[in-house]
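Here is what each chain is made of, one letter per residue.
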Amino acid sequence: ILLLSSRPHRNSFQENINYQIPLLLSVTGFSIYNRVKKPCIADFIVIKLNHQIKVKESDKMDFTRLKYYIDSLAANDLPYCDISVRLDRKEVFRHSMGYIDAEGTKKPQPDTLQWIYSMSKVITCTAVLRLVEKGLLSLEDKVSKYLPEYEVQAVKCGVFAKKADNPILIKHLFSMRSGIDYDWACIKDMVGDPNVTTREFIKGLSRKVLCFEPGTDYTYGLGHDVLAAVAEVITGKKFRDYLNDEI
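Here goes a summary of the coordinates provided. Keep in mind the model is a prediction, meaning the values are calculated, not measured.

Here's the deal with the overall build of the protein
Secondary structure assignment for the protein yields seven helices and six strands. A total of about 13,500 Å² of accessible surface is found on the protein, and carbon and sulfur atoms cover 51% of it.

Here it is, written out as C-alpha cells:
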C-alpha cells in the first residue's frame, strides 16, 4: 500500500486497517513537498497479507472504514492521497482524495508519479518479512538475540540517561518505536566509509542513547538499518547479496 498521510493520523490508520485484514505492518515516514512547497509527511505502509487469504475472498473485505479515513485526511491540509491494496498481485481496492496541483484542478490518477524518499526501507522491510514468513524470525524476538550489543541499552531520562527497562523487539524496528532516531553523532566517523560493513555500522549505533523506552513512543530513525544487520546474521550473507537472491 502506498499512502501519503499525516503524522497525527498514524495510530488511527493502524486501528482502521487492523479491522480489515490480517497483516504484518511496517511503517517508515519521510518528508515531501507539494507544488506550493509546503512540507507535509508521507507514510509508506508495507502490508503483507496473510498467505491464507485467497483472491476469491477479496470481495468479502470491507474497506468502508479505510475509505472514510483516507477522505478525512483532507481536513488536515494534506494535498492528496492515493492508496492501492493488492492481493496476489491483483488490485482489490483503490481510492484517492485531494489534488496533485496547487490550483486544485487535477485529481490523482493511477499513473500519477509520486515524489518519495527512503525507498530502500520498503525493500528492507519486505526482505526481512520474508524471514518471518519462513519462520526464521519472529516479530516478538529481542534484537539482542541476533545482535548481542543491543542487550543493554541506555535511554534518555531528563538531562541524564539510565538503563532501559524494555528490550528492543524486532517489531519495534519495523514500526519506528525502538527509540533509535536519526542522530548520527555516535557513528559520524563511519558514515560514507565504503570499508565499514553493515554489522560494524550497526554495532557502532548500539552505543546511542535511546530517545525513549522501546515500544512506548514513535520517532523516525535508523531502525530499518538495524533490521538489515539482523538479516545478515540470520542468512549468513551480506545484505546486498540476500536482496539479490530473495528480492
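Comments concerning the side chain of S84
Checked against the element boundaries, S84 lands in strand β3 (residues 80-87). In this structure the side chain of S84 is engaged in a polar contact, spanning 2.7 Å, whose partner is the side chain of E91.

As for the pairing of strand β6 (residues 160-163)
Bridge analysis of strand β5 (residues 154-157) against β6 gives four bridges, and the strand direction is antiparallel. Bridging across to β6, K156 finds its partner in A161. Taken together, β5 and the strand that follows it, β6, pair antiparallel across an intervening segment of two residues, in which G158 is found at a positive phi of about 70°.

Considering the packing of aromatic side chains
The final tally for this structure, using the stated rule, is five aromatic pairs. Each ring, one from F239 and one from Y242, has its centre 6.4 Å from the other, and the planes form 40°; the classification is tilted. Here Y242 and F239 lie together in helix α7 (residues 239-246), a separation of three residues that amounts to about one turn. Residue F239 is classed as buried on the basis of its relative accessible area of 11%.

Quick notes on unusual backbone geometry
Trans is the prevailing form of peptide bonds, just as negative phi is the prevailing case for residues other than glycine. Non-glycine residue R89 carries a positive phi angle of around 70°. One can find R89 in the loop between β3 and β4 (90-98). The backbone of M176 shows a phi angle near 60°, a positive value even though the residue is not glycine. Structurally, the position occupied by M176 is in the loop between α4 (170-174) and α5 (198-205). For M176, a relative accessible area of 2% puts it in the buried group.

So, the nonpolar core
Ranked by internal contacts, the top residues of the largest apolar core, which has 33 residues, are L147, Y150, I170, I180 and V226. When residues of this core are traced back to their parent elements, those giving at least two are α3 (119-133), α4, α5, α6 (223-235) and α7. Once residues within four sequence positions are removed from consideration, V226 is found in contact with V143, L147, Y150, L173, I180, I202 and L205. One finds M61, Y69, C81 and M97 within the second-largest nonpolar core, a separate group that totals 13 residues.

Structural notes on helix α2 (residues 64-72)
Along α2, the positions that sit buried rather than exposed are L66, Y69 and I70. The buried residues of α2 occupy one face: seen down the axis, they fall within an arc of 100°. The outward face of α2, more than 90 degrees from its buried face, is lined by the exposed residues T64 and Y68.

Quick word on the environment of R240
Among the secondary structure elements, R240 is positioned in helix α7. The sequence separation of R240 and A228 amounts to twelve residues, and the corresponding C-alpha distance is 9.2 Å.

Cut-offs and rules
- Residues numbered from 1 in each chain as written.
- Predicted model: local features only at pLDDT ≥ 70, side-chain atom pairs only at ≥ 80, totals over all residues.
- Heavy atoms only, no water.
- Helix = DSSP H or I, 4+ residues; strand = E, 2+ residues; numbered from the N terminus.
- Areas by Shrake-Rupley, 256 points an atom, 1.4 Å probe, with all protein chains shown as cover.
- Polar contact = N/O pair within 3.5 Å; in protein donor to acceptor, adjacent residues only side chain to side chain.
- Pairing = 2+ DSSP bridges.
- Phe/Tyr/Trp six-rings, centres within 6.5 Å; stacked < 30°, edge-to-face > 60°.
- Buried < 20%, exposed > 50% of the residue type's maximum accessible area, 1.4 Å probe, protein only.
- Core = buried A, V, L, I, M, F, W, Y, C linked by side-chain atoms within 4.5 Å.
- Contact = heavy atoms within 4.5 Å.
- Arc of directions from axis to C-beta.

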